[in-house]
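# Coordinate analysis (summary)
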Amino acid sequence: MLDGMTNADATASASAKAPRRRAPAGAAVLREDVTEAIRAAVFEELAAVGYARMSIEGIARRAGVGKTAVYRRWRSKLHLVLDLVSAVAVQGLPAPDTGSLEGDLRLLYEVTSRALRHPVAGQIIPDLQAEAARNPDMADAMQKALREGQQSVASGIVAAAAERGEVRADVDQELALDLISGPLYWRAVVVRGPKLPKGYLASLARATAAALKAL
């Protein structure tokens, strides 16, 4: 059912647009613009009040929709946040193809660093980490989502490097992921320092490439 429409409204709309096939009775047609508005509202709400104080009511109010629009898509704020974490982790990273291991790492670090230094991310990530320490379901889901997203990109970088002969074909994938992904998340979540020193990302890419070649 279109958000904000009654059963009678939806039926009349479908009839007016004949000869289109009418959606099955009771079927939900979720508007993508409403979904995106809710997702944006979640990030804003997390940054403003944190996960513990975040509510479906607050999200709906910020998105300009009713609570039912949120509940049609997610059954709780936990599932909503986990869905967003998964989407960002998987879709938010590039698949670098610069022609060299160091170049691929440099591009990955530049994009990841910009995302992690965003003011909203700076507020949300520590808050979710703290909540994950108290909530086993969130901890498991966040670890799975973030690891899968990072592992997909890191594996692609390592595989391309192996094809070019820059690293061994049987390189330890787990260790490679730790080497590639660890430094920036350490700085973002633990150190939480100011702007990165000049030349840091280039040096990090060079050092990581050398470490991977030595495995």
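The text that follows walks through the structure, step by step, so that each part is easy to find.

Parameters at a glance
Residues numbered from 1 in each chain as written. Predicted model: local features only at pLDDT ≥ 70, side-chain atom pairs only at ≥ 80, totals over all residues. Heavy atoms only, no water. Buried < 20%, exposed > 50% of the residue type's maximum accessible area, 1.4 Å probe, protein only. Helix = DSSP H or I, 4+ residues; strand = E, 2+ residues; numbered from the N terminus. Phe/Tyr/Trp six-rings, centres within 6.5 Å; stacked < 30°, edge-to-face > 60°. Lys NZ or Arg CZ within 6 Å of the ring centre and 35° of its normal. Patch = residues over 30% accessible without salt bridge, like charges linked within 9 Å, V, L, I, M, F, W, Y side chains within 5 Å. Areas by Shrake-Rupley, 256 points an atom, 1.4 Å probe, with all protein chains shown as cover. Salt bridge = Lys/Arg side-chain N within 4 Å of Asp/Glu carboxyl O. Core = buried A, V, L, I, M, F, W, Y, C linked by side-chain atoms within 4.5 Å. Contact = heavy atoms within 4.5 Å. Polar contact = N/O pair within 3.5 Å; in protein donor to acceptor, adjacent residues only side chain to side chain.

Time to look at helix α3 (residues 56-63). All of the buried residues in α3 are I56, G58, I59, A60 and A63. One or two positions beyond α3, positive phi appears at G64, with a value near 75 degrees.

Okay, the packing of aromatic side chains next. Within the structure shown, the criterion is met by zero aromatic pairs. Its guanidinium or amino end placed over the ring of Y51, K77 lies 4.5 Å from that ring's centre, counting from NZ or CZ.

On the surface, W186, V190 and V191 cluster together into a nonpolar patch covering about 310 Å² of accessible area. Relative to the assigned elements, V191 resides in helix α9 (residues 173-191). The exposure class of V191 is partly exposed, given its relative accessible area of 42%.

Before going further, it helps to examine the nonpolar core. Grouped together as the largest cluster of nonpolar side chains are 26 residues, with contacts concentrated most on I38, V42, L80, V81, L128 and M138. Every element with two or more residues in this core is listed here: α2 (32-53), α3, α4 (67-71), α5 (77-91), α7 (119-134) and α8 (136-163). The biggest single contributor to this core is α2, with seven residues. Leaving out residues up to four positions away in the same chain, V81 has contacts with V42, L46, Y51, M54, L128 and M138. Among the nonpolar cores identified, the runner-up in size contains 22 residues, and A154, L196, L204 and A209 belong to it.

Mapped onto the elements, D104 comes out in helix α6 (residues 101-117). Its relative accessible area of 0% is what places D104 among the buried residues. At 2.7 Å, the side chain of D104 forms a polar contact with the backbone nitrogen of T98. Among residues more than four places away in sequence, those in contact with D104 are P96, D97, T98, G99, I157 and R164.

Turning our eyes to something else, we now look at the environment of K67. Topologically, K67 is positioned in helix α4. On the basis of relative accessibility, which here comes to 40%, the residue K67 falls in the partly exposed class. Placed 10 residues apart in sequence, K67 and E57 show a C-alpha to C-alpha distance of 6.1 Å.

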